[in-house]
Amino acid sequence: MLIVERAQALWAEAVLDARNLILPSRLYQFGILAACILAAWGLKRIVSPRFRDWMRNRDGWKKWQLRALLQIDRRLGLLFFVVLAWTATGLMAEISQFPSRRFILTLAATIATAWLLVGLAARLVRNRFLRRVVTWGLWIYVTLYYLGIADEAGEFLDGIAVNLGAFHLSLLAILKAVVVMAVLFTTVRLFSAAVSGRIRDNEDISPTMRVLLVKIMQITLYGAAFLIGLRVIGLDLTGLAFLSGAIGVGLGFGLQKVVSNLVSGVIILLDKSIKPGDVITIGETFGWINALGGRYVSITTRDGKEYLIPNEDLITGQVVNWSHSNDFVRLDIHFGTSYGDDPHQVRRLAIEAAGSVNRVLRSRPAVCHIVNFGDSSVDYVLRFWIRDPVAGLTNIRGDVFLALWDAFKEHGITIPFPQREVLMLEGSSLDVGPEREA
């Protein structure tokens, strides 16, 4: 019954305020506002298509600039109304010195301006649902504030509450929590993005330390924003200590893998075993590290696939880091030549062929050794060094094989392949089928 009585009182006050606004001496101001609305609508219909065509020709502009223009285009009607309403207010101030002559115009222009600023500022909130809640909540608040009934509406919302002992949770507190959290998180996100950019561009800090500093900063800032938001809305954090402990124990059992991956991510950042840009092999996956996340590592392969490997697998499994301590990588390729070819010449040609490939290092000369006398060939291994594994391994092997082919063909070196001979024993016969007619 208390809530119903407060609602009736709030409605009665709103009706009284509306009657005070709609006085016969002020009706012409509503007429002026209606004319401003029609004019703003007409201007938007005329200007918006031309404005969009102008936007499409901004080829060199950045994405955030184009997004800002798009938001302005969506609010052209409200923007024109604000300009027209304030223009009408200024003209009425010149005609008459009495504030009552322009009271409605000033009130409508002020509220419309607040709506426009709220709509533009709320775009900083990325989450769509949260952005809508913040936008509508602030629109309603600024409207009630300028109408002078914000306190009464606040008392009404505060009356819709659940009381558990000393804990008081009202609809007003929930709305405050949503708005305050959104504002704090948005502020933290913008500040974190700016500081993270400065940290990532600092060449004096190692790549792993950059990622670690960014993660620590984000966790600290978001945690502080969450606690500050709870304190702003009046929640007693000491009363939630036991509940948070119980929830933490439950989450510890239910989210063991998640926690393990988070801890493994911190260990990877601290021991610097892998870092962004390293070329690694884990299982059947070969590629370079694109990013280190809190739960996983992003690995991009040569064929453009992006694998998200859990951090725990990198700690507990075997990982081949091709560029951990240095970028030098030795590659082996195997081939065979005929027994009639001079092995000294083969070794010399193989080394020269490897040295003719651009990516093969000259500072670490290639070597070629005989490894086996096979059934039909003399088997060799050719070893050479590169220092850019991120550019690929299969392609450099292919280039060296192609150089070997050209060198052997030029000098008459043959690469044997299995051959089979069929011998006809005495007394056997071979049946040949009839030839087909052409």
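Criteria and thresholds
- Residues numbered from 1 in each chain as written.
- Predicted model: local features only at pLDDT ≥ 70, side-chain atom pairs only at ≥ 80, totals over all residues.
- Heavy atoms only, no water.
- Core = buried A, V, L, I, M, F, W, Y, C linked by side-chain atoms within 4.5 Å.
- Buried < 20%, exposed > 50% of the residue type's maximum accessible area, 1.4 Å probe, protein only.
- Helix = DSSP H or I, 4+ residues; strand = E, 2+ residues; numbered from the N terminus.
- Contact = heavy atoms within 4.5 Å.
- Phe/Tyr/Trp six-rings, centres within 6.5 Å; stacked < 30°, edge-to-face > 60°.
- Pairing = 2+ DSSP bridges.
- Salt bridge = Lys/Arg side-chain N within 4 Å of Asp/Glu carboxyl O.
- Axes fitted to C-alpha atoms, helices over the stretch in contact; angles between N-to-C directions.
- Parallel < 35°, antiparallel > 145°, perpendicular 65-115°, else oblique.
- Left-handed = near helix turned anticlockwise from the far one by under 90°.
- Nonpolar A, V, L, I, M, F, W, Y, C, P; charged D, E, K, R; others polar.

Draft legend 1. Just the nonpolar core, in detail. Phe 335, Leu 382, Phe 384, Val 400 and Leu 404 are the most contacted members of the largest nonpolar core, which totals 26 residues. Secondary structure elements with two or more residues in this core: β8 (329–337), α13 (343–355), β10 (378–386) and α14 (394–411). Top element by residues in this core is α14. It accounts for six residues. Contacts of Phe 335, omitting those with residues within four sequence positions, involve Val 346, Ala 350, Cys 368, Val 378, Asp 379, Tyr 380, Leu 382, Leu 404 and Phe 408. By size, the runner-up hydrophobic cluster in this structure holds 16 residues, among which are Ala 40, Phe 80, Met 92 and Leu 116.

Draft legend 2. Quick look at the packing of aromatic side chains. Scanning the entire structure with this criterion turns up six aromatic pairs. Their ring planes at 50 degrees and their centres at 6.5 Å tell us that Trp 115 and Trp 139 sit as a pair that is tilted. Of this pair, Trp 115 sits in helix α5 (residues 103–121) while Trp 139 sits in helix α6 (residues 128–147), placing them 24 residues apart in sequence. Note on Trp 115: relative accessible area 34%, which makes it partly exposed. Ring geometry for Trp 136 and Trp 139: centres 5.2 Å apart, planes at 80 degrees, overall edge-to-face.

Draft legend 3. Highlighting the pairing of strand β4 (residues 285–292). Here four bridges tie strand β3 (residues 279–282) to β4, and the two strands are oriented antiparallel to one another. Counterpart to Val 279 in the pairing with β4 is Trp 288. With four bridges connecting them, β4 and strand β5 (residues 296–300) associate as antiparallel partners. The residue of β5 that forms the bridge with Trp 288 is Thr 300. In textbook terms, the turn of a hairpin is the stretch between consecutive antiparallel strands, and for β4 and β5 this stretch comprises three residues.

Draft legend 4. Region of the structure containing the pattern of salt bridges. The full count for this structure, using the stated rule, is six salt bridges. A salt bridge links Arg 52 to Asp 73, with the shortest nitrogen-to-oxygen separation between them at 2.8 Å. With a gap of 21 residues between them, Arg 52 in helix α2 (residues 27–56) and Asp 73 in helix α3 (residues 63–74) connect regions that are remote in the sequence. Notably, a salt bridge pairs Arg 359 with Asp 388, separated by 3.0 Å at the nearest N-O pair. Residue Arg 359 is found in the loop between α13 and β9 (367–373), and its partner Asp 388 is found in the loop between β10 and α14; the two are separated by 29 residues along the sequence. Classification of Asp 388 by relative accessible area gives partly exposed; the value is 24%. Three or more residues are tied together by salt bridges with common partners; here these are Arg 330, Asp 332 and Arg 383.

Draft legend 5. Expanded view of the sheet that holds β8. With antiparallel pairing, three strands are arranged side by side in an open sheet as β8-β10-β9. Edge positions in the open sheet fall to β8 and β9, since each of these has one partner strand only. Direction aside, neighbouring strands of the sheet carry axes that sit 25 degrees apart on average. Across six bridges, the pairing between β9 and β10 is antiparallel. For His 369, the partnering residue across the bridge sits in β10 and is Val 381.

Draft legend 6. Inspection of the packing of α2 against helix α4 (residues 76–95) at higher detail. For the pair α2 and α4, the least separation of the axes is 8 Å and the interaxial angle reads 140 degrees. Taken together, α2 and α4 sit at an angle that is classed as oblique. Here α2 and α4 pass one another in a crossing that is right-handed. Taken together, the residues of α4 that come into contact with α2 (itself represented by Tyr 28, Ile 32, Leu 33, Cys 36, Ile 37, Ala 39, Ala 40, Leu 43, Lys 44, Val 47 and Ser 48) are Leu 76, Gly 77, Phe 80, Phe 81, Leu 84, Ala 85, Ala 88 and Met 92. Of the residues that constitute the contact of α2 with α4, the class distribution is 16 nonpolar, two polar and one charged.

Draft legend 7. Spotlight on the sheet that holds strand β7 (residues 320–321). Read across the open sheet, the five strands follow the order β6-β5-β4-β3-β7; overall the sheet is antiparallel. Here the strands that pair on one side only, and so sit at the sheet edges, are β6 (306–310) and β7. With five bridges joining them, β5 and β6 adopt antiparallel strand pairing. Residue pairing in the sheet places Ile 299 in a bridge with Tyr 307 of β6.

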